[in-house]
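Now for the letters of each chain:
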Amino acid sequence: MDIVHYLNLAIKAIFVENILLAFFLGNCSYIACSKKIDTAIGLGTAVVFVMVICTPACWAVKNFFLAKGALHWVSPVFNNTDLSFLIFISFIAVIAAMTQIVEMLVEKFSPALHSSLGIFLPLIAVNCAILGAALFLDQRNYNFLESIVFGLGGGIGWALAIVAMAAIRKKLAYSNIPAPLRGLGITMLISGLMSMGFMCFAGIRL
Amino acid sequence: MSEALLSTKNKKIIKDGVWDTNPITFQILGICSALAVTTQLKAAIVMSLGLTFVTAGSNVVISLIRNFIPPQIRIIVQLTVVSALVISIDQLLRAYMFDVSKQLSVFVGLIITNCIVMGRLEAFAMGNPPWKSFLDGLANGAGYSAILILIGIVREIFGSGTLLGHHVIPASFYAAGYVNNGMMVLAPGAFFLLGTIVWIQRSISGYKES
């Protein structure tokens, strides 16, 4: 239970294996919503929020229902039941339900935050960064605490990348880019440069 | 009423999906997997087939039941149909192509949240009959596949000097000092390559972003 292990995991999730720049997850909303800094910050916060809640929730679903022998607590009859082929459909259901719940909670307790996040909360259900993080969690067999740290780190990493991109694109508005390269093209090229920058973090450990 | 299977209108659907409104370069959908699975051509091809199958299949299913889906819960219905198709693909891959399945790792599952699938369901299948929706799904899948395979070819040749696992760059090149471009197999190479392809495609098709 040493703290260094979790710090390392967080650093890895935020910088070294940035979910957007190294695994390309959540690219669609990254490109669509990085035109304005305000929007980028709103969406980034929402992703961090949902990811911290969803990854442990998916962990629980996997370890109490789907993994081989996980239904043991219901009855010993299920000791050999392996439902892991249902992982995709149950994870996406958990994520969709969680985003819905988060949206309702935020609306009830913090109307100001709700109006600033607006349309982004429901859209997060189909953001592949969330499902991606949940599937990585399944693949790498994280424990419960690790899954929270990984969710938090992944969310922060994603938010960091989109806010940085929004800031760069704001500057780009004043530069003379060839017309066919505007928008998606130049955003991709800059993401490549950012991704190279983030690669410098490789190998950092505490 | 009845229309030829490949009428002018239907041909336009195909042309739109493949070229004019190409899902990746024009609609900006499905970029995640286009970048992630293209280090090897084989993985790119398998992924393209998978996505085309899921898009076309889910388009047909949703189009058949489009009049019975209550609008409030349509996203959940769509996700369920898509997940069912993706699970079947994943199980098939695990049974018959385990190495490719390992290489694609989480990205098979991520077809569920691939924006192309959801985008086509929302934009097309919810308002069009099954055959048209099938063509639309097929065409968008083909447009996606074309870009994916192109990126796959370039990244595999320049990144590892192979094509579908066979060495294509002669040993004499390496003897003369040629080295594989390591950047191609890493994340930045994918971004640069896709950026360039978008640039070229848009220069030819004449599409401009405001």
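Residues numbered from 1 in each chain as written. Chains lettered and ligands numbered in written order. Predicted model: local features only at pLDDT ≥ 70, side-chain atom pairs only at ≥ 80, totals over all residues. Heavy atoms only, no water.

Caption draft 1: Summary view of the overall build of chain B. Broken down by element type, chain B carries ten helices and two strands. When the helices and strands of chain B are listed from N to C terminus, the series reads α-α-α-α-α-α-α-β-β-α-α-α. Since a compact globule built from 210 residues should have a radius of gyration of about 17 Å, the 19 Å found for chain B is in line with a globular shape. Its C-alpha atoms give chain B principal-axis dimensions of roughly 65 × 45 × 30 Å. Looking at chain B residue by residue over its 210 residues, the buried ones come to 50%. In chain B, the proportion of contacts linking residues at least 24 apart, taken out of those at least 6 apart, comes to 75%. Of the roughly 9500 Å² of accessible surface on chain B, 70% is carried by carbon and sulfur atoms. Within chain B, one finds 14 positive and 9 negative side-chain charges whose respective centroids are separated by 3 Å. (Helix = DSSP H or I, 4+ residues; strand = E, 2+ residues; numbered from the N terminus. Rg over C-alpha atoms; globule rule 2.2 N^0.38 Å. Buried < 20%, exposed > 50% of the residue type's maximum accessible area, 1.4 Å probe, protein only. Contact = heavy atoms within 4.5 Å. Areas by Shrake-Rupley, 256 points an atom, 1.4 Å probe, with all protein chains shown as cover. Lys, Arg positive; Asp, Glu negative; His and termini not counted. Charge placed at Lys NZ, Arg CZ, Asp CG, Glu CD.)

Caption draft 2: Quick look at the side chain of A:Glu103. Residue and element names in this part refer to chain A. Its place among the elements puts glutamate 103 in helix α4 (residues 87-109). Judged by relative accessible area, glutamate 103 falls into the buried class, the value being 17%. Residues in contact with glutamate 103, not counting those within four places in the same chain, are His114, Leu121 and Pro122.

Caption draft 3: Local environment of the nonpolar core. In terms of nonpolar packing, the biggest core is built from 114 residues, with A:Trp158, B:Ile31, B:Leu104 and B:Leu194 touching the most fellow members. In terms of residues, this core owes the most to one element, helix α3 (residues 37-66) of chain A, which gives twelve residues. Those residues in contact with B:Leu104 that sit more than four places away from it in its chain are B:Val37, B:Ala43, B:Val46, B:Met47 and B:Leu93. (Core = buried A, V, L, I, M, F, W, Y, C linked by side-chain atoms within 4.5 Å.)

Caption draft 4: Seen up close, the interface of chain A and chain B. Facing the 39 residues of chain A at the interface are 42 residues of chain B. Interface area for chain A against chain B, summed over the two sides, is near 3400 Å², with a carbon-plus-sulfur share of 83%. If you sort the residues of chain A by the area they bury against chain B, A:Phe24, A:Phe88 and A:Leu184 come out on top, with a joint share of 20%. Between chain A and chain B we count zero salt bridges in total. Inspection of the chain A/chain B interface yields one residue pair in polar contact (both at pLDDT 80 or more). Contributions of two or more residues to the side of chain A that touches chain B are made by α2 (27-32), α4, α7 (128-140) and α9 (184-199) of chain A. Among the elements that take part in the side of chain A that touches chain B, α9(A) stands out by supplying ten residues, more than any other. For the side of chain A that touches chain B, the class distribution of residues is 29 nonpolar, nine polar and one charged. (Buried area = accessible area lost by both parts, 1.4 Å probe. Salt bridge = Lys/Arg side-chain N within 4 Å of Asp/Glu carboxyl O. Polar contact = N/O pair within 3.5 Å; in protein donor to acceptor, adjacent residues only side chain to side chain. Nonpolar A, V, L, I, M, F, W, Y, C, P; charged D, E, K, R; others polar.)

Caption draft 5: Structural view of a nonpolar patch on the surface. Residues and elements named next belong to chain B. There is a patch of nonpolar side chains on the surface, built from Leu6, Ile14, Val18, Trp19, Trp131, Trp199, Ile200 and Ile204 and spanning about 720 Å² of accessible area. Broken down by secondary-structure element, the contributors of at least two residues to the nonpolar patch are α1 (8-20) and α10 (187-205). Looking at the element boundaries, isoleucine 14 is found in helix α1. (Patch = residues over 30% accessible without salt bridge, like charges linked within 9 Å, V, L, I, M, F, W, Y side chains within 5 Å.)

Caption draft 6: How the structure looks around the layout of surface pockets. A volume near 870 Å³ is recorded for the largest pocket. The wall of the largest pocket is formed by 37 residues, among which A:Pro122, A:Leu123, A:Ile124, A:Val126 and A:Asn127 lie closest to the centre. Counting residues per element, the ones that place at least two in the lining of the largest pocket are α2, α4 and α6 (120-123) of chain A together with α4 (74-96) and α6 (115-123) of chain B. No other element matches the five residues that α2(A) contributes to the lining of the largest pocket. Each residue belonging to the lining of the largest pocket can be placed in one class, and the counts come to 22 nonpolar, nine polar and six charged. (1 Å grid on protein atoms, 1.4 Å probe; cavity = no way out; pocket = protein on both sides within 12 Å on 5 of 7 lines; lining within 4 Å. Points joined across faces, edges and corners; volume = space filled by probe spheres on them.)

In short, shape yes, function no, at least from these values alone.
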